[in-house]
Amino acid sequence: MKYFYRLYQLCVFLPLFIVATILTALITIIGCRFGNGNFWGYYPGKIWSRFTTFLLFLPIHVEGREYLDKSQSYVFVANHQGAFDIFLIYGFLDRNFKWMLKMGLRKIPFVGMACEYAHFIFIDKRGPSKIRHSYEQAREILKEGMSLVVFPEGARSFTGHMGTFRRGAFMLADELHLPVCPLTINGSFNIKPRTKDLYWVFWHPLTLTIHEPIAPIGKGADNIRNQMDKSYEAIMSSLESKYQGFIENPDQ
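One structure accompanies this document, and this report is about it. (Residues numbered from 1 in each chain as written. Predicted model: local features only at pLDDT ≥ 70, side-chain atom pairs only at ≥ 80, totals over all residues. Heavy atoms only, no water.)

1. Quick word on the overall build of the chain
Step number 1: Regarding its fold elements, the chain presents nine helices and seven strands.
Step number 2: Relative to a compact globule of 252 residues, whose C-alpha radius of gyration would be 18 Å, the chain shows 18 Å and is just as compact.
Step number 3: The buried share among the 252 residues of the chain stands at 51%.
Step number 4: Here the contacts in the chain between residues at least 6 apart in sequence split such that 75% fall between residues at least 24 apart.
Step number 5: The average position of the 28 basic charges and that of the 21 acidic charges among the side chains of the chain differ by 8 Å. (Helix = DSSP H or I, 4+ residues; strand = E, 2+ residues; numbered from the N terminus. Rg over C-alpha atoms; globule rule 2.2 N^0.38 Å. Buried < 20%, exposed > 50% of the residue type's maximum accessible area, 1.4 Å probe, protein only. Contact = heavy atoms within 4.5 Å. Lys, Arg positive; Asp, Glu negative; His and termini not counted. Charge placed at Lys NZ, Arg CZ, Asp CG, Glu CD.)

What follows is the structure in structure tokens.
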């Protein structure tokens, strides 16, 4: 069965995925250029993500949507298990949001340009002023009432375990007095582990757990620490047992 799945990926999935990615990027670019950027920056990508998981026959399970208030914007923070985190959150969170992404994604043909037109925020680590500019962009997005999705580890896991969280997303939430909503991703590491980026996609169910948002308890260092610690605990609590526990990520 494994070899039939690989043959299917090569002959069916890959051509359709490439075409769908290019079309999605072009629709996003044109839609954001001439229409509502919040609409065209989200819905084509959502459909593309669902189409990708459908083509690969990946079972998806989402729990916890009842915790979200449609009228409230959030800073969503998630563990970063692998490349399929993007498809799971984009396709199945069911909230319009902007991504905070690493700068390297800007170089991907079509996709990088589409992300720019959609006003996603690229984290530029080439110096303190560049980092400040990235967070100023994120601040403006949140002020407009949009939500933001951040991987506070800053890099995909090599082991499936969580590394440390950076403070940036929680500082933004504190400054704008917003709730932080933790998201736990399970299965992404099994589908496309970072150590096998050039290999096949491996079939495995995907689960997205939406935790109860963590409201601010004030403003300042205590609030930042409270939201960061509680987010870490919530995400860790729903990880598969074999991936629980801290393991240092050398990328951090």
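2. Section: the pairing of strand β5 (residues 147–150)
Step number 1: Residues Ser-147 and Val-149 line one face of β5 and the alternating positions Leu-148 and Val-150 line the opposite face, and both faces are buried.
Step number 2: Bridge count for strand β2 (residues 75–78) against β5 is three bridges, and the pairing is parallel. Pairing of Val-77 across the sheet is with Val-150, part of β5.
Step number 3: Relative to β5, strand β3 (residues 97–102) is paired through three bridges, and the arrangement is parallel. Its bridge partner lying in β5, Phe-97 is registered against Ser-147. (Pairing = 2+ DSSP bridges.)

3. Observations concerning helix α3 (residues 43–55)
Step number 1: Taking 1.5 Å per residue, 13 residues should reach 18 Å; α3 reaches 18 Å between its end C-alpha atoms and fits that length.
Step number 2: Of the positions making up α3, those classed as buried are Pro-44, Gly-45, Lys-46, Trp-48, Ser-49, Thr-52, Thr-53 and Leu-55.
Step number 3: Where the residues of α3 are buried, they touch α1 (2–34), α2 (37–40), β1 (60–63) and α4 (84–92).
Step number 4: Where α3 terminates, the next one or two residues include Phe-57, which has phi positive at roughly 60 degrees. (Expected span 1.5 Å × (residues − 1).)

4. A word on a nonpolar patch on the surface
Step number 1: Taken together, Val-19, Leu-23, Ile-27, Phe-39, Trp-40 and Tyr-43 make up a surface patch of nonpolar side chains, about 530 Å² in accessible area.
Step number 2: Elements represented by at least two residues in the nonpolar patch include exactly α1 and α2.
Step number 3: Element by element, the count of residues in the nonpolar patch is highest for α1, at three residues.
Step number 4: In this structure, Ile-27 sits in helix α1. (Patch = residues over 30% accessible without salt bridge, like charges linked within 9 Å, V, L, I, M, F, W, Y side chains within 5 Å. Areas by Shrake-Rupley, 256 points an atom, 1.4 Å probe, with all protein chains shown as cover. Salt bridge = Lys/Arg side-chain N within 4 Å of Asp/Glu carboxyl O.)

5. With respect to the environment of Asn-223
Step number 1: Within the fold, Asn-223 resides in helix α9 (residues 221–237).
Step number 2: We classify Asn-223 as buried; its relative accessible area is 1%.
Step number 3: Residues Asn-223 and Ala-173 lie 50 residues apart in sequence; the distance between their C-alpha atoms is 9.4 Å.
Step number 4: Here Asn-223 is in contact with Asp-174, Pro-216, Ile-217 and Gly-218, once residues within four sequence places are set aside.

6. A short note on the nonpolar core
Step number 1: Counting residues in hydrophobic clusters, the biggest one holds 39 residues, and the most contacted among them are Ile-89, Leu-93, Trp-99, Leu-183 and Leu-208.
Step number 2: Broken down by element, this core gets its largest block of residues, six residues, from α4. (Core = buried A, V, L, I, M, F, W, Y, C linked by side-chain atoms within 4.5 Å.)

7. Things to note about the packing of aromatic side chains
Step number 1: Counted by the stated rule, this structure contains 20 aromatic pairs.
Step number 2: Between Phe-17 and Phe-87, the ring centres sit 6.2 Å apart and the planes meet at 70 degrees, which makes this aromatic pair edge-to-face. Here Phe-87 lies in helix α4 and Phe-17 lies in helix α1, a separation of 70 residues in the sequence.
Step number 3: Put simply, the rings of Phe-39, Trp-40, Tyr-42, Tyr-43, Tyr-90, Phe-97, Trp-99, Phe-120 and Phe-151 pair up and form one aromatic cluster.
Step number 4: Over the aromatic face of Phe-34 sits the side chain of Arg-33, whose NZ or CZ is 5.1 Å from the ring centroid. (Phe/Tyr/Trp six-rings, centres within 6.5 Å; stacked < 30°, edge-to-face > 60°. Lys NZ or Arg CZ within 6 Å of the ring centre and 35° of its normal.)

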